[in-house]
Amino acid sequence: MSIHHKIFGLCCALLGSAAVLSQGTVRPPGLNQGYEPVQPIAYSHRLHAGELGMDCQYCHYGARQSRNAGVPSASVCMNCHRFVTSSLDAKLEEKARAEKEGRKPERVFSPEIAKLYEAMALDPDGNPIPGKEPKPIEWVRVHNLPDFVYFDHRPHVARNIACETCHGPVGTMDRIRQVAPLTMGWCIRCHRSNPADPTGKGSVTVDGERVEDHVSTNCVTCHL
Amino acid sequence: MKNQTTKPGDGAATLLPGENLDPSRRAFLRAAGFGIASSALVGCSRGPTRSIITNAIAPVGTVPGRAYWVATTCEGCAAGCGVLAKCRDGRPVKLEGNPEHGLSRGGLCATGQSEVLSLYDSLRLREPQVDGAPADWARVDEELTARIAEVRRRGGRIRLLTGTIHSPSTLAAIERFAAGDKGFRHVQYDALSVSAILDAHERSHGVRALPSYRFGEADVIASFDADFLGTWISPVEFASGWAVRRRPDDEHPSMSLHVQFEAGMSVTGAAADRRYRLAPWERARAVAALCEAIEGLAGGSGRIHGALEGHRLREPIEELAAELWQAHGKALVVSGSNDRAVQGFVNHANELLGGYGRTLSLARPSLQRRGCDRDVEALQRELANGEVDLLIVSGANPAYDLPSSFAEPLSSAATLVVLSDGLDETSRMAKYRLPASHALESFGDGEPVAGHYSLLQACVPNLHQGRTLRELLARLMGDERADHVLVREHWREHIHPRFGASQEFDAFFGAALERGFVELAAAGDEPRYDAGSLPSAVADEPPGDLGLMLYPKVGLLDGAHAHNPWLQELPDPVTKVTWDNYACLSEERAAALGVSSGDLVRLKVPGLPEALELPVLVQRGQHDDVVAVALGYGRAGTDRFARVGPQWFESSLTVEDGETIGVNLAPSREFRNGNLRGDHLPVEIEVTGESYPLAATQDHHTLEIPHGLAPKGHEVRDAVLTTSLAAYAAGEGLHGEEHHGGEDVNLWPEDHPKPRHHWAMAVDLAACTGCSACVVGCQAENNVPVVGKDEVSRHREMHWIRIDRYLEGEGDGVTAAYQPMFCQQCDNAPCEAVCPVLATVHSTEGLNQQVYNRCVGTRYCANTCPYKVRRFNWFNYPHEDRLQNQQLNPDVTVRTRGVMEKCSFCAQRIQEAKSEAARLGRELADGDILVACQQSCPTNAILFGDLNDPESKVSKWFERRRAYGVLEELNIRPSVRYLARVRNVPEGTPSHGEERHV
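The sections below set out a description of the structure shown in this document. (Residues numbered from 1 in each chain as written. Chains lettered and ligands numbered in written order. Predicted model: local features only at pLDDT ≥ 70, side-chain atom pairs only at ≥ 80, totals over all residues. Heavy atoms only, no water.)

The next point concerns empty space enclosed by the protein. All names here are of chain B. For the second largest cavity, the calculated volume is near 640 Å³. Looking at the second largest cavity, it is lined by 40 residues, and the ones nearest its centre are Asp 225, Gly 336, Leu 550, Tyr 551 and Pro 552. The set of elements that each furnish at least two residues to the lining of the second largest cavity consists of strand E21 (547–551) and strand E28 (675–677). Per element, the largest residue contribution to the lining of the second largest cavity is 3 residues, and it comes from E21. Taken together, the residues of the lining of the second largest cavity sort by class into 19 nonpolar, 11 polar and 10 charged. (1 Å grid on protein atoms, 1.4 Å probe; cavity = no way out; pocket = protein on both sides within 12 Å on 5 of 7 lines; lining within 4 Å. Points joined across faces, edges and corners; volume = space filled by probe spheres on them. Helix = DSSP H or I, 4+ residues; strand = E, 2+ residues; numbered from the N terminus. Nonpolar A, V, L, I, M, F, W, Y, C, P; charged D, E, K, R; others polar.)

Here is the structure:
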C-alpha cells in the first residue's frame, strides 16, 4: 500500500469519524443493530420463550422447512389464546370479585389479547362475528436483510445452531430487538470459524494437502 | 488476480476508526468505502419501516417461502403435456415438465414454459362485457339463457365453435348442453389443421382418428414436411421419443435413420440425417413413388404405377424405400400435409411397412387434434347464408386464423358469444365478450391420447372473473355446482369405473390429482386396412411460378400466444429472427429477384384484399419455388409491445402504435378438397426497393475470430463437431481433435481447489433439436428481462442461453447443427482475471460467480469472454407491471442497470438442493439438482452434475468418446462439455459447422 493510499484512507476515515461524532453513534448505512420498534400487539418473547419456555419453532415453524422462519398467522396464536385470554392474576381477581357479587365470573381479556380477537374477527366467546373478515396483523419487521441476500434458515436449523446465536437472548426481551449486526462480515466470521461438516468426517484433501473446509463462504451461498 | 486468500481478522465489515489497517487492497477499499459512505449519509435516518403481513389464518400444507409443486396439465396447445407448477406463497412462478408423465416425460416446450407469464397478463379480460360495456355474470347468464330458450323454441340453430377439446368433462358438459336440441352442432377446428390425417384414416381404416405416433419405436423415420420436433401435433412427446434412438453411446453405437423431405427449413429437417427439398405440391407424387418402390420390394400386387418413373428424386426415394422395407415393423412414415391424397399414401406406406400397432397406433388414437375441416366449411356456408342464430366460440380465434371467407360472415351470426382471454380478434366482434379462466387458475381434465387421462388443478384462485367453457355451459343449464365439482363428479361417474372398482373413488381421484394423470393399460385391436381406399390422383399442379407456404413457428405456433413477450423475443431456431415474420426465399430465388435479407417485398395473394409488405429473409435449404411465411403474426393489439424495451433518446419502437407485430397471412388460406390448406397458394412478389430492419441474433456474440485477425490455420473454429455413425462405430476420434489439448504450457496458477463439488454440465448435440425450450425455461427461472426489438438489434438481448445455429451442406442437403451456448464456468476463467473489482470470482465448487453488488459495469469481462455469453444490463428493464411481476422468481435477484450477468448454473437451485439435503440430514445425491434448462429439455440433451463424483452421470458423459470442450485449445478449461453430433450417414466424412449465415 503506497503512502498515497494511506493518506487517502486516513482522510476518509477522518471524514467518517466526523460523521460519527456529529451523530453520536456509529451506524453505517443499512446497519440496524439495536433496532427495537413498537409492535402493533405488545407480544412478549420474554413471557413466551423465556418464562413459559415455548419452543421457538412452535410459532416460527418455517425455520426448519423454509428459507423464511416466518411470523405466525393469528390463527396459530389462537391455538392457545382460544383458552388463555389474560394473566392468571386477572382471572383470579375476577373470580373473587364475581364470588363476592354473587354472579358467574366473566371472561377477562388483556387489552393485547383483545387485539388478537379483533384481528381474528371473533367475539369474546371465540365465535366468528358475522359479516366480519379476519384481518392480518401488520407486524413491524426487525431482522431485515437487504434484497440481494438470500439467507436460508434450513441449514442453520439443521445444524442445531441456537436461534439466540443470531437473534440474541430473545427469551429476555419483552420487545424484540436486533442484537447482532447482521452484516456480511459478521456472517462470514461465523462461517469461517466452523467446519463444513460438523461431524468432522468430511475433511478434504487435494493433492495430499488438507484444504479449507469451513462452512462455505462462496458468494453464491447467499447472493443469487 | 484471484480471489484473495483470507487473512485473520479480515472478516469484519465494520471498521472502527483506529483499527489497524491491514495493508491489503480489500482493507483499503473498505476503509475508503466506509468513510465516504458514512460522510455521505450524515443525517440519514434508518431505512423505511418494513412490515410483515402474514395470513390471518395459516394456510394448510404450505409454508411461507417454501416452494410447493402442483401437478397439472399444460393447455398451451392441445398436446396435453404433464406439468408440475412450482408455486410460492400461493402463486405459480415456474412451469416444469412432469417427469412421470407418459407422453411428455418431463419435457416442456417454449410455449408451455411461457404459459405462466400469460396467466399474469394484465390486459386479459377481467369481467364480462355486453355490447362493449362491463356487465356481471348474473346478467349474462340471464340474457343468454333466455336467448337460448328462444332460439330452441323456434327450432333455430345454435353452434359451438371450439379448438380441439379432449377434456372428458367438458365434452360431457357439451353433450348435456346439446341434449334434445336437434339444431345444435359442435364444430371443432385446429388452426394448424391435420384434419386430412383423420379423413384419410376414415377412408382407409374406417375410423376418423389420428393415430398416436411412437417415434421411439422406429428404426427408420421418413417425414414429408412433418415438423414433429418443433411444431407438429405434440412436439415434446415426439421429440422425447425420437431422441431415445438418436444418441449412440460408446458401447452401443447405433441409432435410427431420419430422412426429411420439406419445402422450408425446419428444426426437424435440420436434425435429419438426410434432407431433401420438396415443394408442397410435389408431396403426393413423392409419397406415391415411395409406396410404389416399397410395393416393388414387397413383391405385392403393385397398385401404384407411374409415380416413380422419371421422378426428380427417384434415387433417394428408392434408397429410402429399401431402408424402410428392411426395417419392416420398425419403420414410420409421417407427413404434415393437410392433403387427403398425401395422407392416403402415407397410410398405405405405413400399412405396407407393418407400422400399425407398432410405430403408430389407431387402437389407442391420439385426441390431440380433432378438428374437422369439412364441418368448418359447412359452418362457413351456414354463416354466409345467415342461418346461425347463436354462435358460441371458445378456445379459438376464427376471425384471425380462418380464411377471410369465414371471418367476414362471422359478424352476421345473430348473436356472437366469445369466451376467451379477451385479447383476440373474434371477441372484439362479439356481443358477449366473456373472460375465460387460464389453465393455471382452473380445474379440468384432458385425454390427449385415448386412455391417458390427465387432470388440471388450479394453482391460484381466479385472478379475474374467468370461467371455463364447462362452467359456462353448466350455468347456462342452471347447474350451479362449482367447476371442480363438475370435474370430480364426471370422474366419479365415467372415468373411475373404467379403472375397475378395486379402489375407492376418493383414493383413486386423490392419487390421480397428486400424480397429475392416470393411464389405462389395455388397448383394443387395430382397425383393418382397406386396400381399396388408395387415392387415385397423384398429380398436384404447382400454383404458379412461385407458391406461398404458411408454416407454424416454434413458440408462437398458430398465434394464440402472440401476446406473450417471451415468445415474441425468442429467436426462431431456424432463422434467429425475433419480433417479426418475413418471407423466406431460397438463395437462388433471392438472387434472381435481386433481393437480400431485409429488403421489403410486396406479396399479392388472391385470398387477401390487398397486397402485404414483408421483409425478405434468405434461407439456405429453402425450396426455390416456395415462399414461406410464418403464421401466428399480425395479431391485433400487439402494438402493446411498442415500448416493451427501454425508452431513451436513440431508441425506436418495437412496433409502431396501431400496427401489429408481423403480418397475418392466415386469412389467405383456403378450403381445398375439404381441407384447410395454406401451402398451395399462388403468390406474386414485387420488389419495393425499400428495406426493413430485422432483429436477427445469428451474427450476435459470435465465436468466430474477426476476418483477417485469425492466425493461419485457425480461421474456422470447431465449435460444433459432427461425426458420422460409421466413423463413430469404427472408433475414430473426433474431427479437429488435433487443435485441442493445448495443455503443454500452463500459465494459469492451479489455485482453485474444488474439495467438495465440481459442478459441470454436458450437452448431447446428437439429441439437441434447437427447440429453444431451455431458453424460455431459463428466462422464467432467472428473471431474464425482455428488451424489445430495438435493443435486440443492438446485440443487447439478455437471454442467458444462446442457441447457436451452424448450417451444414449445400443445395438439397442443407441441415443445421444447434449448440446451446451459455457460461462455460471455466476453471481458468478469463473474465475473472480482468475484473477490477472482483465482481466475478471462482467458487470452491467450480462456479464462476457473478456478484451483482460488486459489479461496477466495466464490461471487461464480456469483452474477454471467448464464448460471448455475458450480458450487460444497459438499462433498468421495465418491471412496472405489478401483476406480471408475480411471475418473478423470488429466489433470484432482479438485476439493475449497470451490472453484468450470465448463466449461474442455476446457483439458486444448487443452494436449494443443499438446504434440502441438510434439512433431511443426508448427502447430496446425483440428480438432486436439476437446472432449469436441463429440466425443460424434451430430449434430455442437457445434463448437470458433480465431476468430483466419479459415478455421477455427468462424469460418465465427460468420459465418452464423443465429448469435447468448445475452444479447449485456449486452455481455459470449461466446465461444460459437448457430445459431438452424430449423423447416420454411411461414409465417414465428418463435417463441422460452417460460417454462420443470417
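The next point concerns the packing of helix H3 (residues 137–153) of chain B against helix H15 (residues 469–476) of chain B. Pairs of packed helices are described in terms of their axes, by the angle between the two and the distance that separates them. All names here are of chain B. Remark: H3 packs on H15, axes separated minimally by 9 Å, with the N-to-C direction vectors making an angle of 65 degrees. Judged by the inter-axis angle, H3 sits roughly perpendicular to H15. Where H3 crosses over H15, the two elements pack in a sense that is right-handed. Contacts from Trp 137, Asp 141, Leu 144, Thr 145 and Ile 148 in H3 reach Leu 472, Arg 475 and Leu 476 in H15. Tallied by class, residues from the contact of H3 with H15 come to 5 nonpolar, 1 polar and 2 charged. (Axes fitted to C-alpha atoms, helices over the stretch in contact; angles between N-to-C directions. Parallel < 35°, antiparallel > 145°, perpendicular 65-115°, else oblique. Left-handed = near helix turned anticlockwise from the far one by under 90°. Contact = heavy atoms within 4.5 Å.)

Turning our eyes to something else, we now look at the packing of aromatic side chains. Think of a pair of aromatic rings as described by two things: how far the centres are apart, and how the planes are tilted against each other in angle. Residue and element names in this part refer to chain B. The tally for this structure, following the rule as stated, stands at 25 aromatic pairs over all chains. With a centroid separation of 4.2 Å and an interplanar angle of 20 degrees, the aromatic rings of Phe 215 and Phe 228 are classed as stacked. With Phe 215 in the loop between strand E9 (210–213) and strand E10 (220–224) and Phe 228 in the loop between E10 and helix H6 (235–244), this pair connects stretches of sequence that are 13 residues apart. Phe 228 sits in the buried class, given a relative accessible area of 0%. Linked through ring pairs, Tyr 453, Trp 491, Phe 499, Phe 505, Phe 508 and Phe 509 together constitute an aromatic cluster. When the ring centre of Phe 177 is taken as origin, the NZ or CZ atom of Arg 152, which lies over that ring, is 4.7 Å away. Between Arg 859 and the ring centre of Phe 872, over which it is positioned, the NZ or CZ distance is 5.4 Å. (Phe/Tyr/Trp six-rings, centres within 6.5 Å; stacked < 30°, edge-to-face > 60°. Buried < 20%, exposed > 50% of the residue type's maximum accessible area, 1.4 Å probe, protein only. Lys NZ or Arg CZ within 6 Å of the ring centre and 35° of its normal.)

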